[in-house]
Amino acid sequence: MEKMKALVFKDVGRLVLEERCIPHVKEPDDVLLKVKNVGICGSDVKIIEGKHHFKPDTVLGHEFCGEVVEVGSHVHHVELGDRVAIDNNIRCGFCSFCRMGLTSQCVDIKTSALGVMRDGGYAEYCLVPEKQCFVLPDEIDDVLGTQVETLATVVNGMNTLLMLPYDYVMILGFGPIGYLFAQFAKNIAAKVAVTEIDPFRISVARQCGLTVWNPNEEDVVKNITEFTHGRKADIVIEATGNALWQALQCVTPGGKVLPFGMDSSIKTEIIPNEITRWATKILGLYLGQNTMVPSIRIYQENRLNMKPFFTKVIPLEEGLGAFDCLGLNLQDLTHHPKSAMKIVMKI
Ligand SMILES: [Zn+2]
Ligand SMILES: [Zn+2]
């Protein structure tokens, strides 16, 4: 059997570059992709740390695009040679959530995600169901093509928030998700401020022309109050997973809080009466939902400044080193300052 190179998550703390058999089309709706590029996501870091659901001995990588090189007998919507972006979350299409349009809550969603529960894009080839493929237009290159699914989650957030031109927006956490929300807010809202603790990412925020505060060094509640002429933020996007309490302190009466960052180890105390008294709208949501096509259009029409987003593109063979740039020591799973926003591997 022909072999390919793959970065495989063996178990908590163990990511290994190894040779695997190239998969081939089995099901009638299977599509085999020659992977072009794959992004490294914060949730890949969490999988390696054992802080995200995982399956040992799985090829990681859920942010990828590739070229169609083999198709099953029932594949009709993509052709050999098509360049496609992937929605890694496979939705069954039959459960009541899928059938009522809330596909992010599909009962199967946690059991089948590409790059999490079944082999993903940290490899030369990847087998995907046809319905997960979205053909890319020429305006979107192979690096940007890795970030369609990432943007799709943020567009789901934007659909939920309904951001207005007179909104004051605050974004807690300036990782890739905070970055994308900040680009939208710059285009749409009256004013936007972001918070971040990592020096490298603070410098990227400044590069984007954003107001940025370090919550470990500054009183962000005082800052947002002054920034908004005493009102506080109409919208607070919590993109860290650990600062909902802070989001609730920074939002204006009647304002919206979007708890977007994910960290299942965090517990927090809230005062229910304050949410009632100040009419705060807490808007939970999960993943993208019917937002892959809108995300392709946003990139195609060049609506976001994506230049400072990509820190570097490296070969798959150097993938282990990328986690160090993302602040994770693979030897002992400790954290240190980051030196990257988004790293993409070219396969
Ligand atoms: Zn991701
Ligand atoms: Zn379903």
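Before reading further, recall that the structure is shown in the block above.
Values in this document were obtained by computation on a predicted structure and should not be read as measured data. (Residues numbered from 1 in each chain as written. Chains lettered and ligands numbered in written order. Predicted model: local features only at pLDDT ≥ 70, side-chain atom pairs only at ≥ 80, totals over all residues.)

K.L.:
Please explain the overall build of the chain as it appears in this structure.
P.N.:
Within the chain, the secondary structure is distributed over 11 helices and 16 strands. Here the C-alpha radius of gyration of the chain, 20 Å, is about what a compact globule of 347 residues would show, namely 20 Å. Of all 347 residues assigned to the chain, the portion counted as buried reaches 45%. Taking all contacts inside the chain whose residues are at least 6 apart in sequence as the whole, residues at least 24 apart take part in 66%. (Helix = DSSP H or I, 4+ residues; strand = E, 2+ residues; numbered from the N terminus. Rg over C-alpha atoms; globule rule 2.2 N^0.38 Å. Buried ≥ 20, exposed ≤ 12 C-beta atoms within 10 Å, placed from the backbone. Contact = placed C-beta atoms within 7 Å.)

K.L.:
For this particular structure, what's the right way to read the environment of K51?
P.N.:
Within the element layout of this structure, K51 appears in the loop between α1 (42-49) and β4 (58-59). Remark: the alpha-carbon pair of K51 and E79, spanning 28 residues in sequence, is separated by 38 Å. Once residues within four sequence positions are removed from consideration, K51 is found in contact with K46, S264 and S265.

K.L.:
Help me understand the nonpolar core in this model?
P.N.:
If you look at soluble globular proteins, the nonpolar side chains tend to sit buried side by side. Core analysis: the largest hydrophobic core is formed by 99 residues, its most contacted members being V169, I171, F181 and V236. Shared between two domains, this core holds at least three residues of each, these being domain 1 (3-139 + 302-346) and domain 2 (153-282). Beyond its immediate stretch of four places on either side in the chain, I171 contacts G178, F181, A182, A185, V192, V194, I237 and A239. (Core = buried A, V, L, I, M, F, W, Y, C linked by C-beta atoms within 7 Å. Domains from an automatic or database assignment.)

K.L.:
What am I meant to see in unusual backbone geometry here?
P.N.:
Backbone geometry at L162 places phi at a positive 50°, although glycine is not the residue there. Within the secondary structure, L162 sits in the loop between α4 (148-161) and β9 (168-172). A positive phi angle, close to 55°, is found at H229, a residue other than glycine. Looking at where H229 falls in the secondary structure, it is placed in the loop between α7 (220-227) and β12 (233-238).

K.L.:
I tried to follow the pairing of strand β3 (residues 30-39) on my own but got confused; where do I start?
P.N.:
Consecutive residues of a regular strand have side chains that alternate between opposite faces of the sheet. Among the 10 residues in β3, eight count as buried, and that is most of the element. Examined bridge by bridge, β3 and strand β7 (residues 125-129) share five bridges and lie antiparallel to one another. Bridge pairing in β7 places K34 opposite Y125. By the bridge criterion, eight bridges tie β3 to strand β5 (residues 63-71) in an arrangement that is antiparallel. (Pairing = 2+ DSSP bridges.)

K.L.:
Explain the pairing of strand β6 (residues 83-86) here, please?
P.N.:
Where burial is concerned, the two faces of β6 agree: the one with R83 and A85 and the one with V84 and I86 are both buried. Judged from the three bridges that link them, β5 and β6 form a sheet pairing that is antiparallel. Its bridge partner being in β6, G66 is matched across the sheet by V84. As paired strands, β6 and strand β8 (residues 133-135) are joined by three bridges and run antiparallel to one another. Bridging across to β8, I86 finds its partner in C133.

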